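# Fold and contact review
So the chains spell out like this:
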Protein chains: 2
Amino acid sequence: MKTLEEIQALLARAVEQVELEREPQGLYAPVRYTLSLGGKRVRPALVLLACNLFADDVTPAVAPALGLEIFHNFTLLHDDIMDKADVRRGHPTVHRKWDEKTAILSGDAMQMVACRYMCQAPAHDLPRVLDAFTRMALEICEGQQYDMEFERRTEVTAEEYLEMIRLKTAVLLATALRIGAWIGGAGDGDADRLYDFGINLGLAFQLKDDLLDVYGDERTFGKKIGGDISCNKKTYLLIQARRLATGDDAAELARWLATDVPSHGKIEAVTALYDRLGVRRICEDKMEQYYRQAVASLDNVSVSDDKKQELRKLAGKLMLRNE
Amino acid sequence: MKTLEEIQALLARAVEQVELEREPQGLYAPVRYTLSLGGKRVRPALVLLACNLFADDVTPAVAPALGLEIFHNFTLLHDDIMDKADVRRGHPTVHRKWDEKTAILSGDAMQMVACRYMCQAPAHDLPRVLDAFTRMALEICEGQQYDMEFERRTEVTAEEYLEMIRLKTAVLLATALRIGAWIGGAGDGDADRLYDFGINLGLAFQLKDDLLDVYGDERTFGKKIGGDISCNKKTYLLIQARRLATGDDAAELARWLATDVPSHGKIEAVTALYDRLGVRRICEDKMEQYYRQAVASLDNVSVSDDKKQELRKLAGKLMLRNE
């Protein structure tokens, strides 16, 4: 069995060797730039780890794994335009480094490069791999659409939020696992269980993200604490707080939410409200529920426990991280 | 053999039956809107006409034909954002009717819907159909990139212009024909000949476009005469005029090109310059050269002449049109 570290090293080399046309520079340089921004390459790692549960040779899964990583980075490129973000991983976003037209077009090209890599899946797997990939791609668009719509709404329920997260971020993790499993030779049952593992892991991961933003350690978090609070981001914590706050708490929360720009004392005050309302525990409980469901799905995959160690390790790292 | 009219009727019904998800409305409504804007559905017609050269039953080619039409409309959607166009076929563009974020995201979804339709190609054709489709998609991005770069440059050669047109518009026509041929059972030689027919037809078609803008009949053209001249669009006519103008003509042309907003007398003056320099004839000769090459490629396709009638008819219509 390959370790997570071996797989990440393999993927780092593979990403460097991604072949892109040279001309026109203006089209492909932003694609290269985006891929070079790094990242932990979690999604392609999930493809290879899932494949490795069922097959010693993960080589047939490398191209589709790269395809999913390229696709993921394409979504970040276009999301940054839509969110008007200036910085990604400490570097200027593509529309800032180049311009918006370039970012739109290079993103479009990147989505097709991703497709070309998916198309290198083994021929007998191709129809279902492409079906899963394109379906996932549409679900991610749906999630992003809901995310954008929620920004404009005052009331968003916890169910709506979790569904948006499922579509926007979890289905990619889940599809990565399912595709890797198929290529490794898994039966449908195991592939489905790995998909469910991915969905639950993705939901737990986002809830962890919501918690870290408020309760993380700024020295390790990598981002300023309370960024979500400052801009009124509708996280699970905020949604639960709005649901539970009554009387003076509700009035105070509404006052802080009246503006979405940083203001003195807002982060401390809203965090204190969260503490009073107990939403940290509600969020942690929900996160642990999804994590347990993820672990249960993985437990039911019909390969020996020792083979599942690297996936368990990766899931644990995602859950126990401080940044 | 099906007639062009039968094929266009079949396609009109097929486009209406394109199944899209309902939710979220905000994502899929712009996709439906874009497809509903109409058009002559030339590209999917080419798929079915090419298929019909080799097979009586064109049904297996319908889904890929729709995929190419959906893809074409996706490129228009994103191009309109990049060009900041307000109107498409007499209707507001998607970013005007909704907003830019929606236009980017719905376009992304539309590109994936197109992929899903391409993936319905017959299984034995799937690898090469997808290879051709994704390669074409990247070439179209490359052509659009060159088009955007040329706007910012003063000097563009005729060769550069024609290569940009080949990528931006001709390869889609060519790929439509090639894919249709493959699905119909054509050998590689005939499929390649049909591809060449499409490339040459596409180049001739764009040169016709350039001519119509200046020399068309405004009553039938559907657009104001001289729009390209007003905004200094680097058409084949302008490129040849810049190459050939000397002395006073060169000075006069440079004066008119100093501004890209409509100005009194510009269209008449530049048209007169074109007449003096003989660029209309140069453009018509080039167009006819490509058209002859197209016809020659089609002649070499190894099916009987009577089967090629509808394709010849369509090519002729594209060349003899007044709008």
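The present account deals with the structure reproduced in this document.

Conventions and cut-offs
Residues numbered from 1 in each chain as written. Chains lettered and ligands numbered in written order. Predicted model: local features only at pLDDT ≥ 70, side-chain atom pairs only at ≥ 80, totals over all residues. Heavy atoms only, no water. Helix = DSSP H or I, 4+ residues; strand = E, 2+ residues; numbered from the N terminus. Rg over C-alpha atoms; globule rule 2.2 N^0.38 Å. Buried < 20%, exposed > 50% of the residue type's maximum accessible area, 1.4 Å probe, protein only. Contact = heavy atoms within 4.5 Å. Areas by Shrake-Rupley, 256 points an atom, 1.4 Å probe, with all protein chains shown as cover. Lys, Arg positive; Asp, Glu negative; His and termini not counted. Charge placed at Lys NZ, Arg CZ, Asp CG, Glu CD. Least-squares fit on C-alpha atoms with pLDDT ≥ 70 in both. Core = buried A, V, L, I, M, F, W, Y, C linked by side-chain atoms within 4.5 Å. Buried area = accessible area lost by both parts, 1.4 Å probe. Salt bridge = Lys/Arg side-chain N within 4 Å of Asp/Glu carboxyl O. Polar contact = N/O pair within 3.5 Å; in protein donor to acceptor, adjacent residues only side chain to side chain. Nonpolar A, V, L, I, M, F, W, Y, C, P; charged D, E, K, R; others polar. Expected span 1.5 Å × (residues − 1). Arc of directions from axis to C-beta. Phe/Tyr/Trp six-rings, centres within 6.5 Å; stacked < 30°, edge-to-face > 60°. Axes fitted to C-alpha atoms, helices over the stretch in contact; angles between N-to-C directions. Parallel < 35°, antiparallel > 145°, perpendicular 65-115°, else oblique. Left-handed = near helix turned anticlockwise from the far one by under 90°.

## Side note on the overall build of chain A
- Counting secondary structure elements, chain A contains 16 helices and 2 strands.
- Computed over C-alpha atoms, the radius of gyration of chain A comes to 20 Å, within 12% of the 20 Å expected from 2.2 N^0.38 for 323 residues, which places it in the range of a compact globule.
- With the principal axes as the frame, chain A shows a C-alpha extent of 60 × 50 × 35 Å.
- Sorting the 323 residues of chain A into buried and exposed places 59% on the buried side.
- In chain A, the proportion of contacts linking residues at least 24 apart, taken out of those at least 6 apart, comes to 73%.
- Total accessible area on chain A is roughly 13600 Å²; 49% of this is exposed by carbon and sulfur atoms.
- Of the charged side chains in chain A, 43 are positive and 51 negative, and the gap between their average positions amounts to 2 Å.

## As for the relation of the copies chain B and chain A
- When chain B is fitted to chain A, the best match, at an RMSD of 0.0 Å, comes from turning it 180 degrees and sliding it 0.0 Å along the axis. Taken together, the rotation angle and the small translation identify this as a two-fold axis.
- When the interface residues of chain B are mapped onto chain A, 100% of them again fall at the interface, so both copies present the same face.

## Comments concerning the nonpolar core
- If you look at the biggest cluster of nonpolar residues, it comprises 236 residues, and the most contacted ones within it are Leu48, Leu194 and Tyr274 of chain A together with Leu48, Leu194 and Tyr274 of chain B.
- Ignoring sequence-local partners within four residues, the contact set of leucine 194 of chain B consists of Ala50, Leu53, Phe54, Leu177, Ala181, Leu298, Val301 and Leu311 of chain B.

## Concerning the interface of chain B and chain A
- Listed by partner, the interface residues are 39 residues for chain B and 39 residues for chain A.
- Overall, the association of chain B and chain A removes approximately 3700 Å² of surface from exposure, summing both partners, and the carbon and sulfur fraction of that is 67%.
- The three residues of chain B that bury the most area against chain A are Lys101, Met112 and Arg116 of chain B, which together make up 18% of that side's buried surface.
- Where chain B touches chain A, the interface holds 4 salt bridges.
- As a salt-bridge pair, arginine 116 of chain A and aspartate 131 of chain B come within 3.1 Å of each other at their nearest N and O atoms.
- Seen at the junction of chain B and chain A, the total is 8 residue pairs in polar contact (both at pLDDT 80 or more).
- Residue assignment for the side of chain B that touches chain A shows that the elements contributing at least two residues are helix 2 (25-36), helix 4 (62-83), helix 6 (100-118) and helix 7 (126-151) of chain B.
- The element best represented in the side of chain B that touches chain A is helix 7 of chain B, accounting for 17 residues.
- Taken together, the residues that form the side of chain B that touches chain A break down as 22 nonpolar, 6 polar and 11 charged.

## Observations concerning the side chain of aspartate 125 of chain A
All names here are of chain A.
- Tracing the backbone shows aspartate 125 in the loop between helix 6 (100-118) and helix 7 (126-152).
- For aspartate 125, a relative accessible area of 1% corresponds to the buried category.
- Within the structure, aspartate 125 has its side chain in polar contact with the side chain of histidine 124 (distance 3.3 Å).
- Within the structure, the side chain of aspartate 125 is placed 3.2 Å from the side chain of arginine 128, a separation counted as a polar contact.
- Apart from the residues within four sequence positions on either side, aspartate 125 is in contact with Trp182 and Ile183.

## A word on the side chain of serine 297 of chain B
All names here are of chain B.
- With respect to the helices, strands and loops of the structure, serine 297 is situated in helix 15 (residues 279-299).
- Here serine 297 falls in the buried class, since its relative accessible area comes to 13%.
- Those residues in contact with serine 297 that sit more than four places away from it in its chain are Arg193, Asp196, Phe197 and Asn200.

## Things to note about helix 15 (residues 279-299) of chain A
Residue and element names in this part refer to chain A.
- Here helix 15 spans 30 Å end to end across 21 residues, near enough to the 30 Å set by a 1.5 Å rise per residue.
- Residues Val279, Cys283, Met287, Tyr290, Ala294, Ser297 and Leu298 constitute the buried set of helix 15. The arc enclosing the buried residues of helix 15, seen along the axis, measures out at 105 degrees, which places them on a common side. Within helix 15, the exposed residues directed more than 90 degrees away from the buried face are Arg281 and Arg292.
- Buried residues along helix 15 sit against helix 8 (158-184), helix 9 (188-215), helix 12 (236-244), helix 14 (266-277) and helix 16 (309-320).

## Here's the deal with unusual backbone geometry
- A cis geometry characterises the amide bond from glutamate 23 of chain A onward to proline 24 of chain A, with omega recorded as -5 degrees.
- Along the chain, proline 24 of chain A turns up in the loop between helix 1 (4-16) and helix 2 (25-36).
- A positive phi angle, near 55 degrees, is found at arginine 41 of chain A, a position not held by glycine.
- Note on placement: arginine 41 of chain A falls in the loop between helix 2 and helix 3 (42-54).
- If you check the backbone angles, asparagine 232 of chain B has positive phi at about 60 degrees while not being a glycine.
- Here asparagine 232 of chain B is to be found in the loop between helix 11 (227-230) and helix 12 (236-244).
- Overall, asparagine 232 of chain B belongs to the buried group, its relative accessible area being 15%.

## What to know about the packing of aromatic side chains
- Considering all chains together, one arrives at 8 aromatic pairs over all chains under this definition.
- Ring geometry for phenylalanine 71 of chain B versus phenylalanine 133 of chain B: centroids 5.3 Å apart, planes at 80 degrees, classification edge-to-face. Placement of the pair is phenylalanine 71 of chain B in helix 4 and phenylalanine 133 of chain B in helix 7, with a sequence separation of 62 residues. The exposure classification of phenylalanine 71 of chain B matches that of phenylalanine 133 of chain B, with both residues buried.
- One aromatic cluster in this structure is built from Phe71, Phe74 and Phe133 of chain A.

## Brief notes about the packing of helix 9 (residues 188-215) of chain B against helix 16 (residues 309-320) of chain B
Residues and elements named next belong to chain B.
- The contact between helix 9 and helix 16 brings their axes to 9 Å, and the two run at 20 degrees. When the axis of helix 9 is compared with that of helix 16, the two are roughly parallel. Along this stretch, helix 9 crosses helix 16, giving a crossing that reads as left-handed. Where helix 9 approaches helix 16, its residues Leu194, Phe197, Leu201, Ala204, Phe205 and Lys208 are matched on the opposing element by Leu311, Ala315, Leu318, Met319 and Leu320.
- Here the residues of the contact of helix 9 with helix 16 sort into 10 nonpolar, no polar and 1 charged.

## Remarks on the pattern of salt bridges
Residue and element names in this part refer to chain A.
- For the coordinates displayed, the defined rule picks out 46 salt bridges over all chains.
- In this structure, arginine 178 engages aspartate 192 in a salt bridge whose closest nitrogen and oxygen atoms are separated by 2.9 Å. Linking arginine 178 in helix 8 with aspartate 192 in helix 9, this pair joins segments that are 14 residues apart in sequence.
- You can call arginine 178 buried: its relative accessible area is 18%.
- What makes aspartate 192 partly exposed here is its relative accessible area of 36%.
- A single salt-bridge network, built from bridges that share partners, covers Glu5, Glu310 and Lys313.

## Let's talk about the environment of valine 15 of chain B
Residues and elements named next belong to chain B.
- By the secondary structure assignment, valine 15 is in helix 1 (residues 4-16).
- Taking the C-alpha atoms as reference points, valine 15 and alanine 181, separated by 166 residues in sequence, lie 21 Å from one another.
- Those residues in contact with valine 15 that sit more than four places away from it in its chain are Leu35, Arg41 and Leu66.

## Let's talk about the packing of helix 7 of chain A against helix 8 of chain A
Residue and element names in this part refer to chain A.
- The geometry of helix 7 relative to helix 8 is characterised by a closest axis approach of 8 Å and an angle of 165 degrees between their N-to-C directions. When the interaxial angle is binned, helix 7 and helix 8 end up roughly antiparallel. Between helix 7 and helix 8 lies a crossing of left-handed hand.
- Classifying every residue of the contact of helix 7 with helix 8 by side-chain character gives 14 nonpolar, 3 polar and 6 charged.

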